Amino acid sequence: MKTSVLISGAGVGGSTLAYWLADNGFQVTVVERAGAQRSSGNPVDVRGPAVDVVNRMGVLPELRKAATSVDRISFVDAKGAVRASVRTGGTSDGAGEEVELPRAELAAILLDAARDRAEIRWGDTITGLTDDGQRVAATFAESAPATYDYVIGADGLHSGVRRLVFGEEREFVRHKGFYVATLPIERALGREREVIMYNTPGRSVSVHPAGGKPLAAFIFRGPETPDYDYRDTAQHKRLVLAAYTGRMGAFGDLLDQVGAAPDLYFDAVCQVRMASWSRGRVALLGDAGSSLSLFGDGSTLAITGAHTLAEELTRTPADPHTAFTRYEHRHRRLLAPKQRGFRLAGALMVPASRPGILARDTVVRLLPRI
Ligand SMILES: Cc1cc2nc3c(=O)[nH]c(=O)nc-3n(C[C@H](O)[C@H](O)[C@H](O)COP(=O)(O)OP(=O)(O)OC[C@H]3O[C@@H](n4cnc5c(N)ncnc54)[C@H](O)[C@@H]3O)c2cc1C
């Protein structure tokens, strides 16, 4: 009989894991809370070792087709005049390819690669998990209960599997002093391949062309909001308006669009830190166990983590302790240096003061590439 694996979340990591486990002969079920695949989302990067993984899945050409092809970020003043500008993408020696594309499109392409070999259930979530040491019994919001050899939580920053098996979110999720809001807008600013960013102290607003589906992003500094609820859109709009009203320079119409936005994405910028990513026959993957926040290589790490986890489960399919220990040991080596990059990325993207903005612009002018 095939070893069965239930994956919660058809995002970047869950879809990659579904592909590689199915490819290695596992029986895979994916349960995804969203009702259907989406086609846009925040641009994310696939780079370094993740490029090799997606290439071996045969989807690199599709990723390239969906790429935003952004090649420049320009920092502008309140009137929209460019203060500093820098080329982005790839490495300066041309050795490392990187592809930037909308997150939902990345997840959809990865999932399509697994679709023929894995069962995908849209619009459902896990409501309970009981691990008896031999199998894991799962109950669902929609489907009938079932048992599996393994369960993997690849369900993102606000992971349901983490809450059911490891404990409440507040034990693992650290607010990093920023918030982020993104929304689709009608037209880009600047050139076709250029991101435009405007800063005031502690705030940034940027417009990303996102391959013809332009997106505005508001990233701002702020302490933890005591009654913060990541599902409360009205509260999110209030927080953005409070942070930006009167501080938008020539970009005021973007703020008007926040109030009317039907699909505002908003969240506190958080990192997830856990001493262990597994308990018995349940393990976590990607943001669920180790979110780096938006300043980091979260997508790349979700892809490489999924590949490593599939390799280790394939190597010792009857020994979860060994498989999960080896997965964690190998993947943490990639993750650790990325966790340390947060402070610098925050200082560059959202300088806290006016001298900080001037210093950033000066550094950018001096750098040939980020
Ligand atoms: C604004 C923003 C900008 C970012 N920019 C970048 C970037 O430039 N570069 C980069 O590398 N990374 C970036 N990231 C981070 C990147 O998006 C994540 O690190 C990456 O998507 C993590 O993959 P994942 O599979 O762990 O989670 P996700 O891709 O988030 O997938 C989680 C999936 O689980 C589903 N789900 C959630 N809860 C449940 C549940 N209870 N049951 C079932 N399904 C559930 C969700 O619907 C989703 O499909 C950014 C993130 C944000 C928010």
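Residues numbered from 1 in each chain as written. Predicted model: local features only at pLDDT ≥ 70, side-chain atom pairs only at ≥ 80, totals over all residues. Heavy atoms only, no water.

**Some details on the overall build of the protein chain**
Next up, step 1: Along the backbone of the protein chain there are 12 helices and 18 strands.
Next up, step 2: Taken along its principal axes, the extent of the C-alpha atoms in the protein chain is 65 × 45 × 35 Å.
Next up, step 3: Counting every position in the protein chain, which comprises 370 residues, the buried fraction comes to 51%.
Next up, step 4: A separation threshold of at least 6 residues defines the contact pool for the protein chain, and within that pool the share at least 24 residues apart is 71%.
Next up, step 5: When the accessible surface of the protein chain is totalled, it reaches about 16800 Å², and 51% of it is carbon and sulfur.
Next up, step 6: Considering the protein chain, the positive charge centre built from 46 side chains and the negative charge centre built from 42 side chains are found 6 Å apart. (Helix = DSSP H or I, 4+ residues; strand = E, 2+ residues; numbered from the N terminus. Buried < 20%, exposed > 50% of the residue type's maximum accessible area, 1.4 Å probe, protein only. Contact = heavy atoms within 4.5 Å. Areas by Shrake-Rupley, 256 points an atom, 1.4 Å probe, with all protein chains shown as cover. Lys, Arg positive; Asp, Glu negative; His and termini not counted. Charge placed at Lys NZ, Arg CZ, Asp CG, Glu CD.)

**Considerations on the environment of Arg279**
Next up, step 1: Counting through the fold element by element, Arg279 comes out in strand β17 (residues 278-279).
Next up, step 2: For Arg279, a relative accessible area of 46% translates into the label partly exposed.
Next up, step 3: Sequence separation of Arg279 and Phe324 is 45 residues, and the distance between their C-alpha atoms is 9.0 Å.
Next up, step 4: Not counting the four nearest positions on each side in its chain, Arg279 is found in contact with Asp131, Val165 and Phe166.
Next up, step 5: A polar contact of 3.0 Å, which involves the side chain of Arg279, links it to the backbone oxygen of Val165. (Polar contact = N/O pair within 3.5 Å; in protein donor to acceptor, adjacent residues only side chain to side chain.)

**Things to note about the packing of helix α6 (residues 233-244) against helix α7 (residues 252-260)**
Next up, step 1: The contact between α6 and α7 brings their axes to 9 Å, and the two run at 160°. Here α6 is positioned roughly antiparallel relative to α7, judged by the angle of their axes. Pair α6 / α7 crosses with left-handed handedness. Here α6 contributes Lys237, Val240, Leu241 and Tyr244 to the contact with α7, which in turn contributes Leu255, Val258, Gly259 and Ala260.
Next up, step 2: Residue classes in the contact of α6 with α7 are distributed as six nonpolar, one polar and one charged. (Axes fitted to C-alpha atoms, helices over the stretch in contact; angles between N-to-C directions. Parallel < 35°, antiparallel > 145°, perpendicular 65-115°, else oblique. Left-handed = near helix turned anticlockwise from the far one by under 90°. Nonpolar A, V, L, I, M, F, W, Y, C, P; charged D, E, K, R; others polar.)

**Some words on the domain arrangement of the protein chain**
Next up, step 1: Domain boundaries in the protein chain define domain 1 (4-70 + 95-171 + 272-339) and domain 2 (175-270 + 344-366).
Next up, step 2: For domain 1 and domain 2, the distance between their C-alpha centroids amounts to 28 Å.
Next up, step 3: When the buried area of domain 1 at its contact with domain 2 is split by residue, Val70, His158 and Phe295 rank highest and sum to 36% of it.
Next up, step 4: The interface formed by domain 1 and domain 2 includes one salt bridge. (Domains from an automatic or database assignment. Buried area = accessible area lost by both parts, 1.4 Å probe. Salt bridge = Lys/Arg side-chain N within 4 Å of Asp/Glu carboxyl O.)

**Overview of the nonpolar core**
Next up, step 1: Among the nonpolar cores identified, the biggest contains 98 residues, and Ile7 and Phe218 are the most heavily contacted of them.
Next up, step 2: Residues Phe75, Val86, Met197 and Val364 belong to the second largest nonpolar core, which totals eight residues. (Core = buried A, V, L, I, M, F, W, Y, C linked by side-chain atoms within 4.5 Å.)

**Thoughts on the packing of aromatic side chains**
Next up, step 1: Here the structure, examined in full by the defined rule, presents 15 aromatic pairs.
Next up, step 2: Taking 5.5 Å as the distance between ring centres and 85° as the angle between the ring planes, the aromatic pair formed by Phe178 and Phe295 counts as edge-to-face. You can see Phe178 sitting in strand β12 (residues 173-184) and its partner Phe295 sitting in the loop between α8 (287-290) and α9 (298-315), a full 117 residues away along the chain. Each member of the pair, Phe178 as well as Phe295, carries the same accessibility label: buried.
Next up, step 3: Ring centres 5.3 Å apart and planes at 35° place the aromatic pair Tyr198 and Phe251 in the tilted group. In this pair, Tyr198 sits in strand β13 (residues 194-200) while Phe251 sits in the loop between α6 and α7, placing the two residues 53 residues apart along the sequence.
Next up, step 4: Overall, Phe251 belongs to the buried group, its relative accessible area being 9%.
Next up, step 5: Over the aromatic face of Phe140 sits the side chain of Arg121, whose NZ or CZ is 5.1 Å from the ring centroid.
Next up, step 6: Directly above the ring of Trp277 sits Arg332, whose terminal nitrogen or CZ lies 4.1 Å from the centroid. (Phe/Tyr/Trp six-rings, centres within 6.5 Å; stacked < 30°, edge-to-face > 60°. Lys NZ or Arg CZ within 6 Å of the ring centre and 35° of its normal.)

**Points about the site of the ligand**
Next up, step 1: As a structural note, the neighbourhood of the ligand is formed by 30 residues, with Gly13, Glu32, Arg103, Tyr265 and Asp287 the closest of them.
Next up, step 2: One of the backbone N or O atoms of Gly13 is found 2.7 Å from an oxygen atom in the ligand.
Next up, step 3: At 3.1 Å from an oxygen atom of the ligand is found a main-chain nitrogen or oxygen belonging to Ser299.
Next up, step 4: Counting residues per element, the ones that place at least two in the shell around the ligand are α1 (12-23), β2 (27-32), β3 (43-47) and α9.
Next up, step 5: Considering only residue class, the shell around the ligand consists of 10 nonpolar, 11 polar and nine charged. (Near = heavy atom within 4 Å.)

**Digging into the side chain of Arg121**
Next up, step 1: Tracing the backbone through its elements, the reader meets Arg121 in strand β7 (residues 118-122).
Next up, step 2: Take Arg121: its relative accessible area is 17%, and that puts it in the buried class.
Next up, step 3: Polar side-chain contacts of Arg121 include one of 3.0 Å to the side chain of Glu119.
Next up, step 4: With near-sequence residues (within four places) excluded, Arg121 lies in contact with Thr29, Val30, Val31, Glu32, Phe140, Ser143 and Tyr148.

**What to know about the sheet that holds strand β10 (residues 146-148)**
Next up, step 1: Taking strand neighbours across the sheet as the criterion, the three strands line up as β8-β9-β10 in an open arrangement whose pairing is antiparallel. Looking at strand neighbours, the two that pair on one side only are β8 (126-131) and β10, the edges of this open sheet. Strand-to-strand, the axes of this sheet are offset by a mean angle of 25°, without reference to chain direction.
Next up, step 2: Relative to β10, strand β9 (residues 136-140) runs antiparallel, the two sharing three bridges. For Val136, the partnering residue across the bridge sits in β10 and is Tyr148. (Pairing = 2+ DSSP bridges.)

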